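Below are the chains, spelled out letter by letter.
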Amino acid sequence: MTLNLQVIPLDVYVLALAVLVDLLGRELPARAHPTVWIGYTVRRMERVGPRSRTAGLIFGALMTLAIPGFWALAAWAAAVGLQSIHPVVYLVVGALLLKSTFALKMLHQVAAGTMMLATSGDLAALRENMRSLVSRDVSSMTPSQAIAATVESVSENTTDSFVAPWLAFALFGLPGAFAYRAINTLDSMIGYRGEYEYLGKVAARMDDLVNLVPARLTGVMVALGSSVLPGQRPGQAWRIMWRDHARTASPNAGWTMSGMAGALGVELEKEGHYRLGDATRPLEPADIARSVSSMYLVAGLGLLVAVAVIFLRAALVG
């Protein structure tokens, strides 16, 4: 009896190979990285964008439509062209393109670097490292605060670093993954208050919208994962997630962060912004490793969901 590989949609293989490349390979150099190119397009338009209320809102809305639309169209053209050459060409190059829209191993590496510094006791190096991880003031950050910020970063980025782009790919192929990454890049570059109050408002709201389902799904997977990971508390994960998910300014970030706080039995606080979970024990460097373990388990569950969606898409649209 032989296995008929044709019953498995090609995009399943593309996703699997992309994840394998991420875990075993290295990031593309900046000059060849599509996400960096997306950032260039955002920066070029941002430089000429008005900052006034009405004009900024209009121009920002146009950016939020034009940039993801352009990159989705480019990804669609690439996918069609690659498949017209040969399915294997699409498999290999498509996987490399898809890999550029998500980052799993990099999130682990960043967290591991922080854990090492938190364990070493080199406070100056730890604070310097945190500058690239968080936007808050790190000049007086304590080791406990650095650990909390890293756990928060891992749990929040689990959604937009890989679960959401995988789901976008599962639903819409390469165009979906690139459109998602462009929206997320817009939000990270101009979707905040201050200079970009009006220019980035539509981008920020669009990012909230496309992450509504992925963030909640990821939060559920964090809570589910806590039932099989050693030292985690599933009952607390569900209770704290339901209680605290709305305490963050973002409508999405609180789901995964509060779920992680409950699972670990710790309190995660950004002073003046939110406090998630109950401080049943003090934070310790090992909590970073625990959050990374949760991240990988969520990645496994997320892959299963994405593969199921790809099969459903293939059944519905071919």
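Details of the structure are given in the entry above.
Residues numbered from 1 in each chain as written. Predicted model: local features only at pLDDT ≥ 70, side-chain atom pairs only at ≥ 80, totals over all residues. Heavy atoms only, no water.

1. Considerations on the overall build of the protein
Point 1. Tallying secondary structure elements over the protein gives twelve helices and two strands in all.
Point 2. Helices (α) and strands (β) of the protein occur, in sequence order from the N terminus, as α-α-α-α-α-α-α-α-α-α-α-β-β-α.
Point 3. Against the compact-globule benchmark of 20 Å for 318 residues, the protein has a radius of gyration of 20 Å, which places it among compact chains.
Point 4. Taken along its principal axes, the extent of the C-alpha atoms in the protein is 65 × 55 × 35 Å.
Point 5. Split into buried and exposed, the 318 residues of the protein put 45% on the buried side.
Point 6. Partitioning the intrachain contacts of the protein with sequence separation of at least 6 by distance along the chain shows that 69% fall at a separation of at least 24.
Point 7. For the protein, the accessible surface area stands at approximately 15,200 Å², while carbon and sulfur atoms represent 66% of it. (Helix = DSSP H or I, 4+ residues; strand = E, 2+ residues; numbered from the N terminus. Rg over C-alpha atoms; globule rule 2.2 N^0.38 Å. Buried < 20%, exposed > 50% of the residue type's maximum accessible area, 1.4 Å probe, protein only. Contact = heavy atoms within 4.5 Å. Areas by Shrake-Rupley, 256 points an atom, 1.4 Å probe, with all protein chains shown as cover.)

2. Some remarks on the packing of aromatic side chains
Point 1. Under the counting rule described, the total for this entry stands at five aromatic pairs.
Point 2. Here the aromatic rings of Phe-102 and Trp-166 are separated by 5.5 Å at their centres, their planes lie at 75°, and the arrangement is edge-to-face. Here Phe-102, found in the loop between α4 (87–99) and α5 (105–120), pairs with Trp-166, found in helix α7 (residues 143–190); they are 64 residues apart in sequence, far enough to count as distant. The same class applies to Phe-102 and to Trp-166, which are both buried.
Point 3. Of note, Lys-99 hangs over the ring of Phe-102, and the distance from its end group to the ring centre comes to 5.3 Å. (Phe/Tyr/Trp six-rings, centres within 6.5 Å; stacked < 30°, edge-to-face > 60°. Lys NZ or Arg CZ within 6 Å of the ring centre and 35° of its normal.)

3. Notes on the nonpolar core
Point 1. Leu-15, Leu-98, Phe-162, Trp-166, Phe-169, Leu-174 and Ile-190 are the most contacted members of the largest nonpolar core, which has 64 residues in total.
Point 2. Top element by residues in this core is α7. It accounts for 19 residues.
Point 3. Each residue touching Phe-162, except ones within four places of it in the same chain, is listed here: Phe-102, Ala-103, Leu-104, Leu-107, Asn-157, Met-295 and Ala-299. (Core = buried A, V, L, I, M, F, W, Y, C linked by side-chain atoms within 4.5 Å.)

4. Digging into a nonpolar patch on the surface
Point 1. Among the surface-exposed residues, Val-88, Val-92, Val-93 and Leu-96 lie close enough to one another that they form a single nonpolar patch of about 290 Å² accessible area.
Point 2. Inspection of the secondary structure puts Leu-96 in helix α4.
Point 3. The exposure class assigned to Leu-96 is partly exposed, which follows from its relative accessible area of 42%. (Patch = residues over 30% accessible without salt bridge, like charges linked within 9 Å, V, L, I, M, F, W, Y side chains within 5 Å. Salt bridge = Lys/Arg side-chain N within 4 Å of Asp/Glu carboxyl O.)

5. Digging into the packing of helix α9 (residues 212–225) against helix α12 (residues 286–317)
Point 1. Relative orientation of the contacting elements α9 and α12 amounts to 120°, with a least axis distance of 9 Å. When the axes of α9 and α12 are compared, the pair comes out oblique. The handedness of the crossing between α9 and α12 is right-handed. Here α9 contributes Leu-217, Thr-218, Met-221, Val-222 and Gly-225 to the contact with α12, which in turn contributes Ser-294, Leu-297, Val-298, Leu-301, Gly-302 and Val-305.
Point 2. Of the residues that constitute the contact of α9 with α12, the class distribution is seven nonpolar, four polar and no charged. (Axes fitted to C-alpha atoms, helices over the stretch in contact; angles between N-to-C directions. Parallel < 35°, antiparallel > 145°, perpendicular 65-115°, else oblique. Left-handed = near helix turned anticlockwise from the far one by under 90°. Nonpolar A, V, L, I, M, F, W, Y, C, P; charged D, E, K, R; others polar.)

6. Some details on the pattern of salt bridges
Two side chains of opposite charge can pair, provided their charged atoms sit close to one another.
Point 1. Applying the stated criterion across every chain yields a total of 19 salt bridges.
Point 2. Salt-bridge contacts for Lys-201 lead to Glu-197; the nearest nitrogen and oxygen are separated by 3.4 Å.
Point 3. Assessed through its relative accessible area of 28%, Lys-201 is described here as partly exposed.
Point 4. Residue Asp-278 pairs with Arg-239 through a salt bridge whose shortest N-O separation is 3.0 Å. With Asp-278 in the loop between β2 (274–276) and α12 and Arg-239 in helix α10 (residues 234–244), the pair connects residues that are 39 residues apart, well separated along the chain.
Point 5. Residues joined in a network through salt bridges with shared partners are Arg-239, Arg-243, Asp-244, Arg-247 and Asp-278.

7. Here we look at the environment of Ala-79
Point 1. Among the structural elements, Ala-79 can be located in helix α3 (residues 53–85).
Point 2. Judged by its relative accessible area of 8%, Ala-79 falls in the buried class.
Point 3. As a C-alpha pair, Ala-79 and Tyr-90 span eleven residues in sequence and 6.7 Å in three-dimensional space.
Point 4. Non-local contacts of Ala-79, meaning those with residues more than four positions away in its chain, are made with Tyr-90 and Leu-174.

8. What about the environment of Ala-263?
Point 1. Residue position: Ala-263 is located in helix α11 (residues 253–264).
Point 2. Judged by its relative accessible area of 0%, Ala-263 is buried.
Point 3. Along the backbone, Ala-263 and Ser-139 are 124 residues apart, and their C-alpha atoms lie at a distance of 29 Å.
Point 4. Among all residues touching Ala-263, those that are not within four sequence positions of it are Ser-226, Gly-231, Gln-232, Arg-233 and Ala-237.

9. Describing the packing of α5 against helix α6 (residues 123–130)
Point 1. Where α5 meets α6, the axes come as close as 8 Å, and the angle between the chain directions of the two elements is 160°. Relative to α6, α5 is oriented roughly antiparallel. Handedness of the α5/α6 crossing: left-handed. Every residue of α6 that contacts α5 at Thr-114, Leu-117 and Ala-118 is listed here: Ala-125, Leu-126, Asn-129 and Met-130.
Point 2. Here the residues of the contact of α5 with α6 sort into five nonpolar, two polar and no charged.

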